[in-house]
Amino acid sequence: MAGVALHLSPGWDENSVVCSPYIAGGDTINASLNTALSPLALDPAKLEPFADPLPLPPIARSSGFRPSPEGPSRKVPFYEIEMREIFGRLHRDLPPARQWGFGGTVPGPTFETRSGEELLVKWVNRLPAHHFLPIDHRLHGAELDKPEVRTVVHLHGGRTPPSSDGYPEEWYPPGQSATYFYPNRQDAATLWYHDHAMGINRLNIYAGLSGMFIIRDQVEDRLQLPRGRYEMPLVIFDRMLDTHGQLLYPVSDNPAAPWVADFFGNVMMVNGRVTPFLEIEPRRYRFRILNGSNSRLYHLRLANGMPMMQIGTDQGLLPSPLELRRLAIAPAERADLVIDFAGHQGEPIVLKDDAVDVMQFRVSRARVVDDSHLPDLLRSVPRLPEASAIRTRTLTLNEYNDRTGKTILMLLNETYWHQPVTEKPQLDSTEIWNLVNLTDEVHPIHLHLVRFQVLDRRVFERFEYQRTGHLRYLGPVIPPEHNEMGWKDTVRAEPHAVTRIIARFEGYKGRYVWHCHNLEHEDNEMMRPYEVIETG
Ligand code: C2O
Ligand code: CU
């Protein structure tokens, strides 16, 4: 790559670093479950599918009220959530597995909140002193002088003040806690919370540290969407289990450098259980789908070909429901779906990721009266005019390989995490970010604090760009997918394409981060700070 100075972290062999565009696409591996990686890995074919009922995470309960940091006369609900080690069965026929969960479950308790209702959460680290997954001490933030076990919690999709946003370096070890303030001044949306500790984030989330956070509002209330028993989160992630039913996390063939560039498991889990089933009534249901996996991108569909109606994206309702037969969803993206099972009495219906079973819906023969609605219009989502942007930033996504073709590093705009902040949008200004993907993989790019809109994508000539810095397009401007026309906080930056997004940087000044939400990438430098500054 022309003119790129690589600042290698200690331990990297400088001579072995080449920037190679020849990387096997991660996406092709995605099509099936990984059954080959380790001799210790369980053969998923030996596990009976649909043996366990789908668990639902508990609803988070507040333990009283505390003064609001923004107005001490206001008393706001106070929650205390412990992160701790738990043992629980992932499948009926497996022994209990070690996991790390919020509040004793994986996923952790679901927060039920309303737009504008503030709350406080004391996130307590009660984890053991030693990690049970393989730390790579060469990664930034995970050096040998750091405690093995560290956590810091981020509310993904939250418009949160910087001091409560879970900055990756503001981690704390077991025995300590942090009390975070969530103002929730934003539209109804499906958010989620998860660990964000520098350099071990992929391991902590893999261990189980994630949960859902639902914000509701009046616009949504009026729609009479399915509620109560007919609405639930489906947190989907893949895991690799060993023959004892324990979580296995793969390592590279170099013991001094165990990091792997992507993670693909051998079992699919929903709400923490391997390919579960759910007994339902022949009526409408609302499912809040989260792709909570480290690397895997899903193409979800119902095996009988029936439609799913998507009503919302990462940051809330779409303008109107959209009929889908297949839903592409990358790590950290959310899709709010309504599925109508009326007319399917007695049918078992499998939710699949391409050819792989994810879970099964068992529709009862009950006679039901469905009083929910699916209106044609959900919420207005005005498009941000491009002309309102005061600045356009062009930012590249980079992957670096060694001579054997093994990926050893990922960067944003050829810049390491520890280098000075380069993205400093002004508070209340609008910017366009051109994400120039120079790699062969999809990268789900997430910005903290803001919601954004996807403008378009366009394939370009990568080698010319790398040589000359000139963007020569090879095809037409591709508008966003219909189901990307809502507010987003995570976007799939497609390979060899420029993905353009537009965001208004509102809410708070201060230090945030933007990063790839492929957790293996994020932990190996594909994350950068950015700072919202006072309008000058
Ligand atoms: Cu899901 Cu930086 O976050
Ligand atoms: Cu990535």
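Residues numbered from 1 in each chain as written. Chains lettered and ligands numbered in written order. Predicted model: local features only at pLDDT ≥ 70, side-chain atom pairs only at ≥ 80, totals over all residues. Heavy atoms only, no water.

Participant: Even after reading the chapter, I still don't get the sheet that holds strand β15 (residues 277-280), so can you show me in this structure?
Facilitator: Two modes of strand pairing occur in sheets, parallel and antiparallel, and in both the strands are linked by backbone hydrogen bonds. Strand order in the open sheet formed by 5 strands is β15-β23-β22-β17-β20, and the pairing between neighbours is mixed. In this open sheet, the two strands that pair with only one neighbour each are β15 and β20 (327-329). Strand-to-strand twist across the sheet, computed as the mean angle between neighbouring axes with direction ignored, equals 25°. (Pairing = 2+ DSSP bridges. Helix = DSSP H or I, 4+ residues; strand = E, 2+ residues; numbered from the N terminus. Axes fitted to C-alpha atoms, helices over the stretch in contact; angles between N-to-C directions.)

Participant: Sorry, what's going on with the coordination of the copper ion (ligand 2) here?
Facilitator: Ideal geometry at a metal centre gives angles of 109.5 degrees when four donors are arranged tetrahedrally and 90 or 180 degrees when six donors are arranged octahedrally. The protein atoms donating to the copper ion (ligand 2) are H443 (ND1), C516 (SG) and H521 (ND1), with metal-donor distances spanning 2.0 to 2.1 Å. One chain supplies every donor for the copper ion (ligand 2), spaced along it as H-x72-C-x4-H. One end of the pair, H443, is in strand β27 (residues 443-447); the other, C516, is in strand β31 (residues 510-516), and 73 residues separate them in sequence. For the pair shown, H443 and C516 are each scored as buried. (Donors = N, O, S within 2.8 Å, 3.2 Å for Na, K, Ca; no water. Buried < 20%, exposed > 50% of the residue type's maximum accessible area, 1.4 Å probe, protein only.)

Participant: Explanation requested: the pattern of salt bridges in the structure shown.
Facilitator: Note that side chains of opposite charge can pair when their charged atoms are close. In the structure shown here, the tally under the stated rule is 54 salt bridges. Note that D314 is salt-bridged to R334, the shortest N-O span being 3.8 Å. Pair noted here: D314 is in the loop between β18 (308-313) and β19 (316-324) and R334 is in strand β21 (residues 334-340), with a separation of 20 residues, a long-range link. Residue D314 shares its accessibility class with R334, and that shared class is buried. Several salt bridges share partner residues, and in doing so they unite D314, E333, R334, R457, E484, K488, D489, R492 and E494 into one network. (Salt bridge = Lys/Arg side-chain N within 4 Å of Asp/Glu carboxyl O.)

Participant: Help me understand the environment of R367, please; the structure alone is not making it clear to me.
Facilitator: The topology assignment puts R367 in the loop between β23 (356-363) and β24 (389-402). What makes R367 exposed here is its relative accessible area of 86%.

Participant: Looking at this structure, how should I read the nonpolar core?
Facilitator: Generally speaking, soluble globular proteins have nonpolar side chains that are buried together. Judged by nonpolar contacts, the single largest core of 57 residues is most densely connected at F111, W123 and F213. Beyond its immediate sequence surroundings of up to four residues, W123 is in contact with I81, M83, F102, F111, V153, Y172, Q176, S177, A178, Y180, Y182 and Y193. (Core = buried A, V, L, I, M, F, W, Y, C linked by side-chain atoms within 4.5 Å. Contact = heavy atoms within 4.5 Å.)

Participant: When you look at the environment of V491 in this model, what are you seeing that I'm missing?
Facilitator: Among the structural elements, V491 can be located in strand β29 (residues 490-493). Judged by its relative accessible area of 0%, V491 falls in the buried class. Among all residues touching V491, those that are not within four sequence positions of it are L435, H443, P444, I445, F452, V454, R457, T499 and I501.

Participant: What should I look at first to understand the sheet that holds strand β5 (residues 108-114) in this one?
Facilitator: Spatial strand order, β5-β10-β9-β7: 4 strands in an open sheet with mixed pairing. In this open sheet, the two edge strands, each paired with only one partner strand, are β5 and β7 (153-156). When the angles between neighbouring strand axes are averaged without regard to direction, this sheet yields 20°. One ladder, built from 4 bridges, connects β7 with strand β9 (residues 189-195); its direction is antiparallel. Of the residues in β9, the one forming a bridge with L155 is Y193.

Participant: I tried to follow unusual backbone geometry on my own but got confused; where do I start?
Facilitator: Negative phi is the rule for most residues except glycine; trans is the rule for most peptide bonds. Here V106 and P107 are connected by a cis peptide whose omega angle stands at -5°. Summarising the element assignment, P107 is placed in the loop between β4 (97-102) and β5. A positive phi angle is found at T275, which is not glycine, with a value near 25°. As for its placement among the helices and strands, T275 is situated in the loop between β14 (273-274) and β15. Residue classification places T275 among the buried positions, given a relative accessible area of 10%. Look at A332: it is not a glycine, yet its phi comes out positive at around 80°. Topologically, A332 is positioned in the loop between β20 and β21. Looking at A332, the relative accessible area reads 0%, which means it is buried.

Participant: How should the confidence of the model for the chain be read in this particular structure?
Facilitator: Regions with low pLDDT carry predicted coordinates that are not meant to be interpreted in detail. Mean pLDDT over the chain works out to 93, with 93% of the residues at or above the 70 mark. Taken as a whole, residues 1-31 scores under 50 in pLDDT and shows 66 contacts with residues more than four places along the chain or in a different chain. (pLDDT = per-residue confidence, 0-100.)

Participant: Just checking my understanding: could you explain the pairing of β24 for this structure?
Facilitator: Side-chain direction in a regular strand flips from residue to residue, so the side chains alternate between the two faces of the sheet. Burial analysis of β24 places 10 of its 14 residues in the buried class, which makes it a mostly covered element. The sheet contact formed by β24 and strand β26 (residues 429-437) spans 8 bridges and is parallel. Within β26, the residue paired with L395 across the bridge is L435. What sits between β24 and strand β25 (residues 407-412) in their antiparallel hairpin is a turn of 4 residues, with G405 showing a positive phi close to 95°.

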